[in-house]
Amino acid sequence: MKLSIALTAGLVASATAAPTIGAIFDKILNKLSLDQIAKIRGGRYIGTATDVWIMEQDAPYKKITTSNEYSVWTPENTMKWETLQPQQGAFNFTEADKLVSLARKTGKKVRGHTLVWHSQLAPWVEAGNFSPAELKKITKNHVQTVARHFRGKIFHWDVVNEVFNEDGTLRDSVFSRAFGEDFIEWAFRWAHEADPHAKLYITDYNFEGDTPKTKAVTALVRKLKKKGVPVHGIGAQGHFILGNLDGEGMKRTWKTWSDDLKVDVAIAELDIRIPMPATPEKLAAQAADYETVTKNCLAVKRCVGITFWQWTDKYSWVPGVFTGEGAPLPYDEDLKRKPAFDAVKKVLVAGK
Ligand code: G3I
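Predicted, not measured: the structure shown is a model, and the values here were computed from it.

### Points about unusual backbone geometry
(1) Moving on: Of note, the bond from H113 into T114 is cis; its omega dihedral lies within 30 degrees of zero at 0 degrees.
(2) Moving on: Along the chain, M276 connects to P277 via a cis peptide bond; the corresponding omega equals 0 degrees.
(3) Moving on: With respect to the helices and strands, the residue P277 is situated in the loop between β8 (264–275) and α13 (280–299).
(4) Moving on: For K262, which is not glycine, the phi dihedral falls at a positive 60 degrees.
(5) Moving on: Relative to the helices and strands, K262 is located in the loop between α12 (247–261) and β8.

Here is the structure:
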């Protein structure tokens, strides 16, 4: 009897003490960087797309990019086929090597982006009118030369990118015209052979909710895994439009990948664009969307991390492509934190 009273008293005491400890812990977390908090909250990372040429011409940008706010870099453009093999057989790793070397010096991991993609492909690949046998050799050579060059220095590779149409059919490309979907399986096997330690991803956009594209990617990954193909993760690009987020669908899809397919989920290219000008109201709504995405990642067991597609509006690809839209990132053009940054931090600190 006495023991149970003592235990109950103990429980009550620790229950009342808990909020204070929790508050102290939150205070400590708040002093840390996004990446440090994400690590504590489930071993996740926060990363950013970047390229070295930008850092070379913008010191304040470099300071934040190399800071501990991010622990993962994705080369925004310098590991694409057109950059690495602009002419047949003539590989040029200069810029990509600079990025990998600076990443290692500043303690960042690198997500390699991307081995096989219909876009930013060197023009000679299509112009050559190669036979399927020649094209297979060329593709294997590209995948393996690149993966081997960086072997051991890349922790994720985006192996194939954007291979489906919105209706879930295979996207028309020089690769799908020659091989149907077989090139996808081959690319994963080739990449794994060349760099057995890298986690290999398939990436796409507009497939966060219950869309035909989501079904197609999910079915393909299920099939590949059954065949023993080394596919380890799905990368959701996450190029979102303000107010257009299917938060619940996104969470459902990511959970299916994580818990049923048993693959990792990376939010690989997050940005949320808004119609310009950016008013305080729009920035607050954008912050709410960033909050949803971050919460969803934390709610998914195998969501390994979030990468912003650049971290500042100053270098976002959005305004150049979508007229009248922009400001999609957590920092503004003057490298000042926006409400979106605070929203991501708040969710990470809360851990849910
Ligand atoms: O390097 C040339 C430069 O020499 C030239 O003076 C300049 C003139 O426009 O163009 C430069 O190339 C640009 C390149 O980015 C490097 O800055 C291209 O025009 C431009 O089209 C290219 O855009 C990139 C785009 O992919 C190409 O598809 C964006 O920066 C990049 O953010 C974007 O990233 C993609 C991901 O790889 C895949 N998912 C979608 C995402 C957004 O489109």
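Further notes follow.
### Regarding the packing of α13 against helix α15 (residues 339–350)
Helix packing geometry: the angle between the two helix axes and the distance between the axes.
(1) Moving on: Put simply, α13 and α15 touch, their axes get as near as 8 Å, and they point 30 degrees apart. In terms of axis orientation, α13 runs roughly parallel to α15. Relative to α15, α13 is oriented so that their crossing is right-handed. Residues L283, Q286, A287, Y290, E291, T294, K295 and L298 of α13 form the contact with α15, whose participating residues are P339, A340, A343, V344, K346, V347 and L348.

### Notes on the nonpolar core
(1) Moving on: With 93 residues, the main nonpolar core has W157, V160 and F308 as its most contacted residues.
(2) Moving on: In terms of residue count, helix α10 (residues 182–194) provides more of this core than any other element does, 7 residues in total.
(3) Moving on: When neighbours within four sequence positions are excluded, V160 is seen to be in contact with T114, V116, F183, I184, A187, F188, Y201, I202 and T203.
(4) Moving on: The next biggest cluster of nonpolar side chains, apart from the first, holds 5 residues, and it includes Y45, V72, Y201 and V304.

### A short note on the environment of F93
(1) Moving on: Of note, F93 is situated in the loop between α5 (81–84) and α6 (94–105).
(2) Moving on: You can call F93 buried: its relative accessible area is 12%.
(3) Moving on: Look past the residues within four positions of F93 in its chain and what remains in contact with it is L84, T145, V146, H149 and F150.

### Remarks on α12
(1) Moving on: Spanning 15 residues, α12 covers 20 Å between terminal C-alpha atoms, matching the ideal 21 Å at 1.5 Å per step.
(2) Moving on: Among the residues of α12, those classed as buried are G247, G249, M250, T253, W254, W257, S258 and L261.
(3) Moving on: Residues of α12 that are buried in the fold lie against α11 (212–226), β6 (233–236), β7 (239–241), β8 and α13.
(4) Moving on: In the segment just after α12, K262 is the residue with positive phi, at about 60 degrees.

### Some words on the packing of aromatic side chains
The relative placement of two aromatic rings is captured by the distance of their centres and the angle of their planes.
(1) Moving on: Applying the stated criterion to the full structure yields 19 aromatic pairs.
(2) Moving on: Judged by centre distance (6.3 Å) and plane angle (65 degrees), the rings of W81 and W124 are edge-to-face. Highlighted residues: W81 in helix α5 and W124 in helix α7 (residues 123–127), separated in sequence by 43 residues.
(3) Moving on: We classify W81 as buried; its relative accessible area is 2%.
(4) Moving on: Of the residues examined, W124 reaches a relative accessible area of 14% and is grouped as buried.

### Notes on the site of the ligand
(1) Moving on: Within the structure, the ligand sits among 14 residues, and E76, K80, H113, E269 and W309 are positioned closest to it.
(2) Moving on: Here an oxygen atom of the ligand sits 2.7 Å away from a polar atom, N or O, in the side chain of H113.
(3) Moving on: E269 has a polar side-chain atom sitting 2.7 Å from a nitrogen atom of the ligand.
(4) Moving on: In the complex, the protein chains occlude 48% of the 790 Å² of accessible area that the ligand would expose alone.

### A short note on the UniProt feature "domain: GH10" (unreviewed entry) in the protein chain
(1) Moving on: Annotation from UniProt places "domain: GH10" (unreviewed entry) at residues 31–347.
(2) Moving on: A helix fraction of 44% and a strand fraction of 18% characterise residues 31–347, whose end C-alpha atoms lie 14 Å from each other.

### A word on α15
Working note: α-helix, 3.6 residues per turn, so residues spaced by three or four point in the same direction.
(1) Moving on: Between the first and last C-alpha of α15 there are 16 Å, a value that for 12 residues agrees with the 16 Å anticipated at 1.5 Å per step.
(2) Moving on: Those residues of α15 not exposed but buried are A340, F341, A343, V344, K345, V347, L348 and V349.
(3) Moving on: Among the residues trailing α15, G351 stands out with phi positive, at a value near 75 degrees.

### Observations concerning a positive patch on the surface
(1) Moving on: On the surface, K136, K140, R148 and R151 cluster together to form a positively charged patch.
(2) Moving on: Tracing the sequence through the fold places R148 in helix α8 (residues 132–149).
(3) Moving on: Overall, R148 belongs to the partly exposed group, its relative accessible area being 47%.

### Overview of the pairing of strand β1 (residues 45–50)
The two faces of the sheet receive side chains in turn, since in a regular strand these alternate between them.
(1) Moving on: Among the 6 residues that make up β1, 6 are buried, leaving the element largely enclosed by the rest of the structure.
(2) Moving on: Side chains Y45, G47 and A49 of β1 all project onto a buried face; the interleaved residues I46, T48 and T50 project onto the opposite face, where all are buried too.
(3) Moving on: Bridge analysis of β1 against strand β9 (residues 303–308) gives 4 bridges, and the strand direction is parallel. In the sheet register, I46 faces β9, and the bridge partner there is I306.
(4) Moving on: As judged from the 4 bridges shared by β1 and strand β2 (residues 72–75), these two strands associate in the parallel manner. Bridge assignment links T48 to a residue of β2, and that residue is W73.

What counts and how
- Residues numbered from 1 in each chain as written.
- Predicted model: local features only at pLDDT ≥ 70, side-chain atom pairs only at ≥ 80, totals over all residues.
- Heavy atoms only, no water.
- Helix = DSSP H or I, 4+ residues; strand = E, 2+ residues; numbered from the N terminus.
- Axes fitted to C-alpha atoms, helices over the stretch in contact; angles between N-to-C directions.
- Parallel < 35°, antiparallel > 145°, perpendicular 65-115°, else oblique.
- Left-handed = near helix turned anticlockwise from the far one by under 90°.
- Contact = heavy atoms within 4.5 Å.
- Core = buried A, V, L, I, M, F, W, Y, C linked by side-chain atoms within 4.5 Å.
- Buried < 20%, exposed > 50% of the residue type's maximum accessible area, 1.4 Å probe, protein only.
- Expected span 1.5 Å × (residues − 1).
- Phe/Tyr/Trp six-rings, centres within 6.5 Å; stacked < 30°, edge-to-face > 60°.
- Near = heavy atom within 4 Å.
- Polar contact = N/O pair within 3.5 Å; in protein donor to acceptor, adjacent residues only side chain to side chain.
- Areas by Shrake-Rupley, 256 points an atom, 1.4 Å probe, with all protein chains shown as cover.
- UniProt positions renumbered as here; feature names shortened; annotations may be inferred.
- Patch = residues over 30% accessible without salt bridge, like charges linked within 9 Å, V, L, I, M, F, W, Y side chains within 5 Å.
- Salt bridge = Lys/Arg side-chain N within 4 Å of Asp/Glu carboxyl O.
- Lys, Arg positive; Asp, Glu negative; His and termini not counted.
- Charge placed at Lys NZ, Arg CZ, Asp CG, Glu CD.
- Pairing = 2+ DSSP bridges.

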